[in-house]
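Residue strings, one per chain:
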Amino acid sequence: MLTVVLSGLRDRWASFVGGFVALALGVGLLATMGLGLAATSHAPERPPERFASSPVVVQGRDRLTVDVRRGPATVPVERMLDRPQPVDGALVRELRARWKVTSSGGPDALGVDAPAAEVRALVGDRARVLTGSERARADPDPERDARALVTLDALLGTSGGVTAFVSVFVVASTFAFAVALRRREFGLLRTAGATPGQLRRLLLAEAAVLGALASAAGCALGALGAPLLARTLVDGGLAPAWFTTGGPSWPFHTAFWTGVTVALAGAFAASRRAGKVGPAAALREADIDADVLPLGRAVLGTGLVLAGLGLLAWTCATDPSALLKRKTYTTLPMLLITGAALLSPLLVRPAARLLRARGAVGTLVRENSAAAVRRTAAVAAPVLVTVALAGTLFGSATSVTRAKETEARERTSAPYAVSGTDLRLPAAAPAGAVLSATGATSVFVRDGDAAVVKYGARAVADPAAFAELARLPVTAGDLRDLDDRSIVVNEEFERHRVGESVEVWRADGSGPVRLRVAAVLARGTGDNGPYVTRANAPGAAVDRIDARGGGAATVRALEASGGTAPPRAEGGAGRGSRLGMVLVLGIALVYTVIGLANTLLMATSVRAGELASLRLAGATRAQILRVVTGEATLAVAIGTALGLAVTAVVLGTLGAALAALSAPVALVLPWGTVGAAAGVCAAVAVAASAVPAWRLTR
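Residues numbered from 1 in each chain as written. Predicted model: local features only at pLDDT ≥ 70, side-chain atom pairs only at ≥ 80, totals over all residues. Heavy atoms only, no water.

A. Quick look at the overall build of the protein. Across its full length, the protein holds 20 helices and 15 strands. Overall size of the protein, expressed as C-alpha extent along the three principal axes, is 100 × 60 × 50 Å. Split into buried and exposed, the 698 residues of the protein put 49% on the buried side. When contacts within the protein are restricted to residue pairs at least 6 apart in sequence, those whose partners lie at least 24 apart make up 79%. For the protein, the exposed area adds up to about 31000 Å²; of that, 60% sits on carbon and sulfur atoms. Side-chain charges of the protein comprise 73 positive and 53 negative groups, with the mean position of each set lying 11 Å from the other. (Helix = DSSP H or I, 4+ residues; strand = E, 2+ residues; numbered from the N terminus. Buried < 20%, exposed > 50% of the residue type's maximum accessible area, 1.4 Å probe, protein only. Contact = heavy atoms within 4.5 Å. Areas by Shrake-Rupley, 256 points an atom, 1.4 Å probe, with all protein chains shown as cover. Lys, Arg positive; Asp, Glu negative; His and termini not counted. Charge placed at Lys NZ, Arg CZ, Asp CG, Glu CD.)

B. Layout of empty space enclosed by the protein. Summed over all chains, the structure comprises 5 cavities of 30 Å³ or more. Roughly 100 Å³ of internal volume is contained in the largest cavity. For the largest cavity, the lining is made up of 13 residues, of which Arg375, Leu600, Arg607, Glu631 and Ala632 are closest to its centre. Contributing elements (two or more residues each) for the lining of the largest cavity: α14 (373-410), α17 (575-605) and α19 (621-660). Sorting elements by how many residues they give to the lining of the largest cavity places α19 first, with 4 residues. Residues that form the lining of the largest cavity fall into these classes: 6 nonpolar, 4 polar and 3 charged. (1 Å grid on protein atoms, 1.4 Å probe; cavity = no way out; pocket = protein on both sides within 12 Å on 5 of 7 lines; lining within 4 Å. Points joined across faces, edges and corners; volume = space filled by probe spheres on them. Nonpolar A, V, L, I, M, F, W, Y, C, P; charged D, E, K, R; others polar.)

C. Inspection of the layout of surface pockets at higher detail. By volume, the largest pocket amounts to about 1100 Å³. In terms of lining, the largest pocket is formed by 40 residues, of which the most central are Lys404, Thr525, Gly526, Asp527 and Asn528. The set of elements that each furnish at least two residues to the lining of the largest pocket consists of α10 (326-331), α14, β8 (434-446), β9 (452-460), α15 (463-469) and β15 (542-548). At 5 residues, the largest contribution of residues to the lining of the largest pocket is made by α14.

D. Highlighting the nonpolar core. One finds Val166, Leu233, Ile337 and Leu389 to be the most contacted residues of the largest nonpolar core, which totals 84 residues. In terms of residue count, α14 provides more of this core than any other element does, 17 residues in total. The contact partners of Val166, leaving out residues within four places of it in the chain, are Leu389, Ala588 and Tyr591. Core analysis: the second largest hydrophobic core is formed by 17 residues, Ala457, Ala459, Val504 and Val520 among them. (Core = buried A, V, L, I, M, F, W, Y, C linked by side-chain atoms within 4.5 Å.)

E. Region of interest: helix α13 (residues 359-371). A rise of 1.5 Å per residue sets the reference length of α13, with its 13 residues, at 18 Å; its end C-alpha atoms lie 18 Å apart and thus fit the reference within 8%. Turning to α13, its buried residues are Gly362, Val365, Arg366, Asn368, Ser369 and Ala370. On its buried face, α13 sits against α12 (344-353), α14, α18 (608-616) and α19. (Expected span 1.5 Å × (residues − 1).)

F. The packing of α18 against α19, seen in detail. Close contact between α18 and α19 brings their axes to 10 Å; oriented N to C, the two are set at 135°. Considering their axes alone, α18 and α19 lie oblique with respect to each other. Between α18 and α19 lies a crossing of right-handed hand. Of the residues in α19, those touching α18 at Leu611, Leu614 and Arg615 are Arg621, Ile624 and Val628. In terms of residue class, the contact of α18 with α19 is made up of 4 nonpolar, no polar and 2 charged. (Axes fitted to C-alpha atoms, helices over the stretch in contact; angles between N-to-C directions. Parallel < 35°, antiparallel > 145°, perpendicular 65-115°, else oblique. Left-handed = near helix turned anticlockwise from the far one by under 90°.)

G. Just the sheet that holds strand β4 (residues 100-103), in detail. Pairing is antiparallel across the open sheet formed by 4 strands, whose spatial order is β4-β5-β1-β6. The two strands at the open ends of the sheet, each matched to only one other strand, are β4 and β6 (128-131). The average angle at which neighbouring strand axes cross in this sheet is 30°, direction not considered. Note: β4 against strand β5 (residues 109-113), 4 bridges, orientation antiparallel. Note that in β5 the partner of Ser103 across the bridge is Leu110. (Pairing = 2+ DSSP bridges.)

H. Spatial organisation of the packing of aromatic side chains. If you walk through the whole model with that rule in mind, you get 3 aromatic pairs. Taking the centre distance of 5.0 Å and the plane angle of 90° together, the rings of Phe256 and Trp257 count as edge-to-face. For Trp257, a relative accessible area of 54% puts it in the exposed group. With 4.3 Å between their ring centres and 20° between their planes, Tyr455 and Phe493 make a pair best called stacked. Highlighted residues: Tyr455 in strand β9 and Phe493 in the loop between β11 (486-490) and β12 (501-505), separated in sequence by 38 residues. (Phe/Tyr/Trp six-rings, centres within 6.5 Å; stacked < 30°, edge-to-face > 60°.)

I. Spotlight on the environment of Pro294. Considering the arrangement of structural elements, one finds Pro294 in the loop between α8 (250-275) and α9 (295-318). When the C-alpha atoms of Pro294 and Ala428 are compared, they prove to be 78 Å apart, with 134 residues separating the residues in sequence.

J. Structural detail: the pattern of salt bridges. Overall, the coordinates contain 19 salt bridges when judged by the stated rule. A salt bridge links Glu407 to Arg411, with the nearest nitrogen and oxygen atoms 3.4 Å apart. Taking relative accessible area as the criterion, Glu407 reaches 6% and is therefore assigned buried. For Arg411, a relative accessible area of 11% puts it in the buried group. Among the charged side chains, a salt-bridge network with shared partners connects Asp62, Arg63, Glu78 and Arg128. (Salt bridge = Lys/Arg side-chain N within 4 Å of Asp/Glu carboxyl O.)

K. Up close: the pairing of β9. By the bridge criterion, 9 bridges tie β8 to β9 in an arrangement that is antiparallel. The residue bridging Arg446 from the neighbouring strand is Val452, located in β9. Hairpin connection, β8 to β9: the antiparallel pair is bridged by 5 residues, and Gly448 has positive phi, about 70°. As paired elements, β9 and strand β14 (residues 531-533) share 3 bridges and run parallel to each other. Bridged to Ala459 within β14 is Val532.

L. Focus on unusual backbone geometry. Residue Pro512 is bonded to the preceding Gly511 through a cis peptide linkage, with omega at 5°. Summarising the element assignment, Pro512 is placed in the loop between β12 and β13 (513-521). Residue Ser662 is not a glycine yet carries a positive backbone phi of 60°. Secondary-structure assignment places Ser662 in the loop between α19 and α20 (671-696).

M. Seen up close, α9. In this model α9 runs 34 Å from its N-terminal to its C-terminal C-alpha over 24 residues, within 8% of the 34 Å that 1.5 Å per residue would give. Turning to α9, its buried residues are Ala298, Gly301, Leu304, Val305, Gly308, Leu312, Thr315 and Cys316. Taken together, the buried residues of α9 touch α11 (333-342) and α19.

Here's what the structure looks like:
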C-alpha cells in the first residue's frame, strides 16, 4: 500500500501541490500564533521603579471586597478600584514613629525601611504590604503589561481560529475536487479488483503522508515566522517592547498534529465517495456532474446555515449589544459562511443560468459552468468565504465605529467642547454661557446576589448645566432630577426603573450608598451612562467641558482650561483591531489564492480532449481562451455574489441590533475592501485557467 501511495504522490505531484502549500502554510501560521499566544500567558516581572530602594512598600487599598452568594454559602469577591486610595494618616504617623519612611509621588503608597513581618503586624488590614517584585504594583499603571497581553491574546487567538477554519475548508475542498477528477482512475482500479475499502485506505494514506510532510514543513515555517511576528507587533505599537516569542514546544506539537488531522479530515469525506465509485465509471465520458451535493454535505450545510441564522437572530433578540463586539462579529458569521460554502453546488447552476451573454463564447461559458457544477463550485466557494469575511469583518467594524461617532456627536448640543487630563475650570462662567464639566469615574453595582459589576461612569459637576446641554437617549425620567442622592442609569442595570433605589459603591470603594434612579438611558453602543454627581465620584478629575453661549469669552475660557478639541470618535475599531482584521482577511485571501490556483490548474489540465474538440469544431485559440477564462470569471462572480448575500444578512442583523439599542443605524459596506478581494481572486482565477489552456491549445 505504501509503495502505491508514494508512486501516486510522485506521479500526480501537481495535483497535490496546492493542498501541500495550503496545509504547510496553515500549520506554519498555527505554530506562529501558538508561539505568540504562549508568550502572552505571562508578563515578565518588572523591577520596582518608584520604591526600588525600599524593601517594603505600604500601599493604600486598591480593591473593593464585597460578599456575594455562591450557592448556599457567601464568599468575598474583589474588584480593582480605579486607583489606590491614600494610606490612612494615622497609619502613616505610626510608621514614621518607628522606621524610616519614604514617600514618592503621592499619598497612595510609601516605602518603609523595616522588616516585612514587623510592618505587616503593625499595618494589619488597614493597607497592603508589598515586598519583592510585588513592589512594582505601586508604580504608575501597573496593569499596562497585562492589558497589552489581553489585546494580543485576542488578536492572535482570532487569527489562529480563522487560520484553522480556512485551512480545513481549503484542504477539504482540494481533496474533494481531486477525487472527483479521478473517478475514471478509481473505476479502473475497481475493474482491476480493488475493493471500496482499499480505495478509501489509499486516499487516507495519501492524506496522511501529505499531511505529515506538509506539517513538518509548516513547523519549520512557524519557527521562522514567530520572531518576525513579534518584531512586527512591537514595531507596530501593538505589543510592549519586551514582547518576544519562543521557549515552549507545545505550539509545534499542536500545529503538527492539527495539520495531520486536517489532512485526514479533509480526505475522509472524499474517500467515502471514492469508495462508492463503480467499475462503470471507467467508461464515463459525459462532463455533466451528477450527485454533486451528497446527503451528508447537504445536511451539514443546511444545519450550519440554520444555526448561523438562528444564532444571529437569537443574539439580536436577547443581547443585541453583543453583536457590536469584535469577538462576536468576527466569529459568529463563520457558521453562516461555512454553511453557504457547503451548499454552493446547489446555487451555482441556477446562478450560472442567469448569464445572458450572446454569441458562441457566452453560450459555452454559461453551459459549461452550469454543467461542470463541481468545478464551478470549487472556484466559487473559496471566493465566497473571502468576500464574506471581508464584508462582515470590515463592514461590521466600520458600521459600529460610524454608529459610535454619530452617537457621540448627538450626545450634546454644545457647539464648543474641549477634552484633556485634569482640565482647569474658570472661576465663573462667562456672561451668557453654559458650561458643563464632566469627568471619568466608576461605580460598582450588584448584579443579583452572585456578582458585582464595575461600570465606567461620568461625574457631573453642574447637574443643571449638564441637563441643559446633554442630548442623551432618555427612555424614562428626567436628567434635571440628577442630584447628590440620585443616579442616571442605562437599561443594562438590573434595577432601571425611575424611582427605584440602587446600591452603589463609589470609585474609591466607599459605600455602599443607596441612590435613587433619576433617569434611564437606552443602551446605545455602550457609552450611555451611568452618570453621578461629583459628590459620588471622589477623586474624579474633569476631562471634558461642553459649552454654549458667551461668544469669544467662552472660547478664551476653554483655551485657558488646557484642553483640546475632543477626538472625532469615542470608540470603535482601533489600530489593533484593524490590524487583526487585516491579518484575518490576509490569511483568508492567501488560502483562497492557493485554492483557486490549484483547482483551476487541475481542472483545466484534464480538459485536453474537450478543448481539442472545440478546435476541431472551428473555434480559434483566442475563443477557447476566452471561454476558459470566462468560466473562471463567472465562477468568481458567483462566489462574490453569494459572499455579498451573506454580508447583507450579517449587516442587516447588526442594523437591527443597533435599532434595538436605540443607537444610530449607520451601516457601511466596505466596497473597496470587497472589490479588492474579488479583484485578486478574479486575476488569479483567470491566470490559473489561461496558462494551462494556452499550453493545451498550442
